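Structural characterization, general
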Amino acid sequence: TAATAETAPRLASAADLARVAQRIQQLVAQAPMPVAAGPLALRLRNEFAPLLDNWNGHATFKPFFRSLALAPLVWLNGSGGRVADPARHALDHLGTPEAEMQAERDAQWAGQEAVLAVARDVCALTGAPLLPPGVVHHVLDLLCEDLAQQDYEPTETARRIREQCQQRHGLDVSMRDVVFILRGMQLNGHVFGRGQDDVRTLAQRLVNQVLFLCEREQMLLGEPAVALIRQWIGGERLA
């Protein structure tokens, strides 16, 4: 709706992101030690306001930084986080490099290699978020729980789901990814608040939308691939 469009923050263009990325690289290059994330984030928001008010849909600086894929720069955990260039900065005892975070994310797909192979192709083609099955399932369960307690409102519902993912499961799911899931259900014809907000129906709506996007992009899927998509999105909820 028009009202929703007015309240949704404007996403940065590729040119905007290129300017921000260049500024981060410049600041890190000028620093003799890894740059503390807090002051860096504050400086970027001051310089690029209001563009980074919601970190381009990621809500916080850390996932926004990751989304820029600024190799060889790495994120170091601990002490609020730091951004470093391994070619310039000594990394010993300064925290956990981003490579370890990637290994942790890969572990979320352990035992799901066949699902990952299909999901990666689907996401690359359709723009769907490449969330591990467990994360998608948590989002669906939390959404079902939220809708049973209060009315659906696009921005607020997405915000609550994202916060619950963090607080209850320690999952850093971006606002953009949650919105994609909610919008996907609606684009597939689902209307929230009409007594059909059970987790099985919601999962099936999302599966249907992903299959529609694949069809629109002329991605041919056989029955085995469709079964893997159902497993990825719904798991036991669609068994």
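Residues numbered from 1 in each chain as written. Predicted model: local features only at pLDDT ≥ 70, side-chain atom pairs only at ≥ 80, totals over all residues. Heavy atoms only, no water.

Right, let's get into the pattern of salt bridges. Taken as a whole and judged by the stated rule, the model has ten salt bridges. Between R160 and D146 there is a salt bridge, with its nearest N and O atoms 2.8 Å apart. Taken together, the positions of R160 in helix α8 (residues 154–169) and D146 in helix α7 (residues 133–149) put the pair 14 residues apart, joining distant regions of the chain. With a closest N to O distance of 3.3 Å, R162 and D172 form a salt bridge. Highlighted residues: R162 in helix α8 and D172 in the loop between α8 and α9 (175–187), separated in sequence by ten residues. Residue R162 is classed as buried on the basis of its relative accessible area, which comes to 6%. Residue class for D172 comes out partly exposed when judged on its relative accessible area of 36%. (Salt bridge = Lys/Arg side-chain N within 4 Å of Asp/Glu carboxyl O. Helix = DSSP H or I, 4+ residues; strand = E, 2+ residues; numbered from the N terminus. Buried < 20%, exposed > 50% of the residue type's maximum accessible area, 1.4 Å probe, protein only.)

Let us look at α7. The end-to-end C-alpha distance of α7, which contains 17 residues, comes to 25 Å, matching closely the 24 Å that a straight helix rising 1.5 Å per residue would cover. Residues of α7 that are buried: P133, V135, V136, H137, V139, L140, L142, L143, D146 and L147. In this structure, the buried residues of α7 make contact with α6 (113–126), α8, α9, α10 (199–216) and α11 (223–233). (Expected span 1.5 Å × (residues − 1). Contact = heavy atoms within 4.5 Å.)

What follows concerns the packing of α8 against α9. Remark: α8 packs on α9, axes separated minimally by 9 Å, with the N-to-C direction vectors making an angle of 120°. Classified by the angle between their axes, α8 and α9 sit oblique to one another. The way α8 lies across α9 gives a crossing that is right-handed. Of the residues in α9, those in contact with P154, T155, T157, A158, R159, I161 and R162 of α8 are M175, V178, V179 and L182. Of the residues belonging to the contact of α8 with α9, the class tally is seven nonpolar, two polar and two charged. (Axes fitted to C-alpha atoms, helices over the stretch in contact; angles between N-to-C directions. Parallel < 35°, antiparallel > 145°, perpendicular 65-115°, else oblique. Left-handed = near helix turned anticlockwise from the far one by under 90°. Nonpolar A, V, L, I, M, F, W, Y, C, P; charged D, E, K, R; others polar.)

Moving on, we come to the sheet that holds strand β3 (residues 82–84). Read from one edge of the open sheet, three strands run β1-β3-β2, paired in antiparallel fashion. The sheet is open, and its two borders are formed by β1 (35–36) and β2 (74–76), each paired with just one other strand. Sheet analysis places β1 next to β3, joined by two bridges and oriented antiparallel. Each bridged residue has a counterpart across the sheet, and for A36 the counterpart in β3 is R82. (Pairing = 2+ DSSP bridges.)

The next point concerns empty space enclosed by the protein. One pass over the full model with this rule turns up one cavity of 30 Å³ or more. As a volume, the largest cavity reaches approximately 90 Å³. In terms of lining, the largest cavity is formed by A128, P129, L131, V136, F180, I181, L206, V210, W232 and I233. Among the elements of the structure, α9, α10 and α11 are those that each provide at least two residues to the lining of the largest cavity. For the lining of the largest cavity, a count of residues per class yields ten nonpolar, no polar and no charged. (1 Å grid on protein atoms, 1.4 Å probe; cavity = no way out; pocket = protein on both sides within 12 Å on 5 of 7 lines; lining within 4 Å. Points joined across faces, edges and corners; volume = space filled by probe spheres on them.)

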